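# Fold and contact review
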Amino acid sequence: MPLMDEFQEERDKIKTAPFKVKWKYFVDYYLKWVIGIGITLAIIIAVVVTTLTHKDEMLYVSMPNFTQMPTVDKELLEPFIQQYLENPKKQDITVDSSCFILGDTEALSDPDIAALYPYEDDQKVAMVLMVGQMDLMISGEDVIDRFTGSGYVKPLSDVYTEDELKAFDEQGLVKYLDEVPVALCMDDARTLNKYYQYSGVKVDHIYAAYTYGKHTELAKLFLEQLW
């Protein structure tokens with residue numbers, strides 16, 4: 001009997017066979033192809049969706065040890081995006097207050113402290129800094145000191161004019177390291193205190209420091225919104 005006739009005869013038998021036989025035939029001959037096609041389609045759809053919904057990151061602000069208020073997106077971040085981004089449909093900002101880290105990393109050897117300040121959070125902040133993605137860091141003095149000492153903080157003289165720095169200095173807001181202005185005190189920043197609560201270890205001051213990202217001008221505008 002020709003091969004095609006045998007194949008047709010087998011298909012005719014399957015049409016009238018019990019469900020269990022039909023299911024076994026499907027599993028034996030078609031299931032792996034259906035699964036393969038399904039996986040391929042899922043990957044294609046995921047790539048298309050990611051491509052269509054991807055937004056360029058125009059600003060990255062890291063706020064270790066802060067807890068944000070529920071209204072921050074609607075009342076602070078969304079208005080900022082609408083006002084300062086050229087194309088909010090294709091551009092976005094990241095203000096990350098999800099990480100809890102310490103200025104003194106040696107304290108992480110204490111299991112109780114390590115439970116509150118995950119090693120993964122520490123690595124995330126350090127990695128974002130190292131790759132130059134971060135534009136601005138706002139945190140407790142201990143955290144700012146840690147990364148200033150590691151060379152990740154940009155001098156304020158690279159960000160502000162001499163007159164601007166003088167005005168900040170006269171208000172007692174400038175933090176120095178070896179006579180280099182490196183950070184601005186944010187203790188009395190009303191908007192910051194309205195939308196964010198510091199949850200880290202007790203520190204004397206909260207500071208904002210510019211890092212070596214590519215969006216310093218937008219970072220300046222964002223910092224202005226926090227006063």
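Report follows, based on the coordinates.

Rules used in this analysis
- Residues numbered from 1 in each chain as written.
- Predicted model: local features only at pLDDT ≥ 70, side-chain atom pairs only at ≥ 80, totals over all residues.
- Heavy atoms only, no water.
- Pairing = 2+ DSSP bridges.
- Helix = DSSP H or I, 4+ residues; strand = E, 2+ residues; numbered from the N terminus.
- Axes fitted to C-alpha atoms, helices over the stretch in contact; angles between N-to-C directions.
- Contact = heavy atoms within 4.5 Å.
- Phe/Tyr/Trp six-rings, centres within 6.5 Å; stacked < 30°, edge-to-face > 60°.
- Buried < 20%, exposed > 50% of the residue type's maximum accessible area, 1.4 Å probe, protein only.
- Lys NZ or Arg CZ within 6 Å of the ring centre and 35° of its normal.
- Parallel < 35°, antiparallel > 145°, perpendicular 65-115°, else oblique.
- Left-handed = near helix turned anticlockwise from the far one by under 90°.
- Nonpolar A, V, L, I, M, F, W, Y, C, P; charged D, E, K, R; others polar.
- Salt bridge = Lys/Arg side-chain N within 4 Å of Asp/Glu carboxyl O.

### A short note on the sheet that holds strand 5 (residues 174–177)
As a general point, the strands of a sheet are linked pairwise by backbone hydrogen bonds and lie either parallel or antiparallel. Sheet architecture is open: 6 strands sit in the order 3-1-4-8-6-5, paired in mixed fashion. In this open sheet, the two edge strands, each paired with only one partner strand, are strand 3 (91–96) and strand 5. When strand polarity is set aside, the average angle formed by the axes of neighbouring strands in this sheet is 30°. For strand 4 (residues 136–140) and strand 8 (residues 206–210), the ladder comprises 5 bridges, and the chain directions are antiparallel. Paired with Ser139 across the two strands is Tyr207, which belongs to strand 8. Its contacts with the sheet put helix 4 (residues 72–84) on strand 1 (56–62) and strand 3, and the angle it makes with strand 3 is roughly 150°. Strands in contact with helix 7 (residues 141–149) are strand 4, strand 5, strand 6 (180–185) and strand 8; relative to strand 4, the strand with the most contacts, it is inclined by about 130°.

### A word on the packing of aromatic side chains
One pass over the full model with this rule turns up 7 aromatic pairs. Both rings, one in Phe80 and one in Phe222, keep their centres 5.4 Å apart while their planes meet at 90°; by these two values the pair is edge-to-face. Pair noted here: Phe80 is in helix 4 and Phe222 is in helix 10 (residues 216–225), with a separation of 142 residues, a long-range link. Note on accessibility: Phe80 and Phe222 belong to one class, buried. Here the aromatic rings of Tyr160 and Tyr210 are separated by 5.8 Å at their centres, their planes lie at 70°, and the arrangement is edge-to-face. Of this pair, Tyr160 sits in the loop between helix 7 and helix 8 (162–170) while Tyr210 sits in strand 8, and the two are 50 residues apart along the sequence. We classify Tyr160 as buried; its relative accessible area is 10%. If you follow Lys175 out to its NZ or CZ, it ends over the ring of Tyr207, 5.2 Å from the centre.

### Let's talk about the packing of helix 4 against helix 10
At their nearest, the axes of helix 4 and helix 10 sit 11 Å apart, and the two run at 135° to each other. With respect to each other, helix 4 and helix 10 are oriented oblique. Taken as a pair, helix 4 and helix 10 cross one another with a handedness that is right-handed. Here Leu76, Leu77, Phe80 and Tyr84 of helix 4 lie close against helix 10, whose contacting residues are Leu218, Leu221, Phe222 and Gln225. Looking at the contact of helix 4 with helix 10 residue by residue, the class counts come to 7 nonpolar, 1 polar and no charged.

### Some details on the pairing of strand 5
Where strand 5 and strand 6 come together, 4 bridges link them in antiparallel fashion. Note that in strand 6 the partner of Tyr176 across the bridge is Pro181. Hairpin connection of strand 5 to strand 6: 2 residues between the antiparallel strands, including Asp178 at a positive phi of 50°.

### Regarding the pattern of salt bridges
For the structure on display, the rule yields 4 salt bridges. Across the pair Arg146 and Asp122 runs a salt bridge, and its minimum N-O distance is 2.7 Å. Of this pair, Arg146 sits in helix 7 while Asp122 sits in helix 6 (residues 119–130), and the two are 24 residues apart along the sequence. Classification of Arg146 by relative accessible area gives buried; the value is 18%. Judged by relative accessible area, which is 6%, Asp122 ranks as buried.

### Quick look at the side chain of Thr191
Its location among the elements puts Thr191 in helix 9 (residues 190–195). Taking the relative accessible area as the measure of exposure, Thr191 reaches 18% and is therefore buried. Once you skip the residues sitting within four places of it in the chain, Thr191 turns out to touch Leu76, Gln225, Leu226 and Trp227.

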